[in-house]
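# A look at the structure
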Amino acid sequence: MELRHLKYFVAVAEDLNFSRAAVRLYISQPALSRQIKDLESELSVMLFLRQSDGLKLTEAGKFFLEQAKDILNRSYVSVQTIKAHYAKQDQPLVIGYIPTILQSFLGQTLQNFGLAYPQVAVSFREMSPSEQVKALRDGGINIAFMGNPPDNLEEEFMVKCIKKVPIVALLPNKHRLADQSSINLAELASEKFIGMSEETFPGRNDRIHDVCRCAGFVPNLHLFADSHASMIALVATGQGVAIMPSEAEALPHPQTVFVKLNHPLYYSRSTAVWRKETPAKYLDKFLTILLNYVE
């Protein structure tokens, strides 16, 4: 049994729903179900009753929930105490990000922070949103920058919307509408759409559906990319069209064009996410510089 098994169990026990817990944990529902079944097998008890109206904790599950929460809390306190009193004091500020944000406001913020605190080392890692959430939980990064995190992430972390950016269409450069300065999204209703992998960008396909529903149609999502670069490459090879935040225009996008949308006018959120507990050294100063820059 590992700590991650306890984290998975606590999430399911609190939500009493595998789907919601999976979104919250940034893993797939089948994978989460397998982990819980493995845990029950190891403990030789049933932790949940699977009923027609949903999940219910067994008596063993109720007892184990209290123990799991206590273990996770003590584990976190121990790690933070070690870091605060015994680890090297000049630990770097570690930032997780998706590439579209680095090309937007993050680059300038890092420059401003470096000028204000030249003695602080900063390490930044390109990561998918699911990787960012895991790294935040495990202490691998101090702050994450992602787009449109699920609402329930606010129950666990501090979530701050840094910037709103318009959604635009991504088309192959040979597409019939590629030379237009702007279009209505409904003009792409008959096209095949490229979505995002739920494993790496949980909830992103729900956003794509929301935008298309505003335009009056249900998108035909037939391929799923695991990164922005993959999505652009699939569109470039004629596998379909896509919608992305306008920030993505700063990424290399050969053989594709970004086209503004007249309707719907829909916005993506670029967000900063960090733990609710006492922030890492210098994180509060970094946040001050970040918020001063974007505001």
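Coordinates for the structure precede this section.
Here goes a summary of the coordinates provided. What you see is a predicted model, and the numbers here were worked out from it, not measured in a lab.

What follows covers the side chain of H5. By the element assignment, H5 lies in helix 1 (residues 3–15). A polar side-chain atom of H5 sits 3.0 Å from a polar atom in the side chain of Q35. Dropping the residues within four chain positions of it, H5 is found in contact with Q35 and L39.

If you add up the space inside the largest pocket, you get close to 880 Å³. Around the largest pocket, the lining comprises 28 residues; the ones closest to its centre are K7, L72, R137, E156 and R275. Elements supplying a minimum of two residues to the lining of the largest pocket: helix 1, helix 2 (18–25), helix 4 (59–85) and helix 6 (129–138). Top element by residues in the lining of the largest pocket is helix 4. It accounts for eight residues.

Scanning the entire structure with this criterion turns up three cavities of 30 Å³ or more. As a volume, the largest cavity reaches approximately 150 Å³. Of all the elements in the fold, those that place two or more residues in the lining of the largest cavity are helix 7 (204–214), helix 8 (228–236) and strand 10 (242–245). For the lining of the largest cavity, the leading source of residues is helix 7, giving four residues.

Here we come to the nonpolar core. Soluble globular proteins tend to bury their nonpolar side chains together. Membership of the largest hydrophobic core comes to 23 residues, with the highest contact counts inside it found for F9, V12, L32, I36 and F48. Leave out the neighbours within four places in its chain, and I36 touches Y8, F9, V12, F18, F48 and R50. Ranked by size, the runner-up nonpolar core spans 21 residues in total, among them I95, F105, F113 and I143.

Quick look at the environment of I194 now. Examined against the element boundaries, I194 turns out to sit in strand 8 (residues 192–196). Of the residues examined, I194 reaches a relative accessible area of 1% and is grouped as buried. With sequence-adjacent residues up to four places away left out, I194 is seen in contact with I208, L221, H222, L223, A225, M231, L234, V235, Q239, G240, V241 and A242.

Conventions used here
- Residues numbered from 1 in each chain as written.
- Predicted model: local features only at pLDDT ≥ 70, side-chain atom pairs only at ≥ 80, totals over all residues.
- Heavy atoms only, no water.
- Helix = DSSP H or I, 4+ residues; strand = E, 2+ residues; numbered from the N terminus.
- Polar contact = N/O pair within 3.5 Å; in protein donor to acceptor, adjacent residues only side chain to side chain.
- Contact = heavy atoms within 4.5 Å.
- 1 Å grid on protein atoms, 1.4 Å probe; cavity = no way out; pocket = protein on both sides within 12 Å on 5 of 7 lines; lining within 4 Å.
- Points joined across faces, edges and corners; volume = space filled by probe spheres on them.
- Core = buried A, V, L, I, M, F, W, Y, C linked by side-chain atoms within 4.5 Å.
- Buried < 20%, exposed > 50% of the residue type's maximum accessible area, 1.4 Å probe, protein only.

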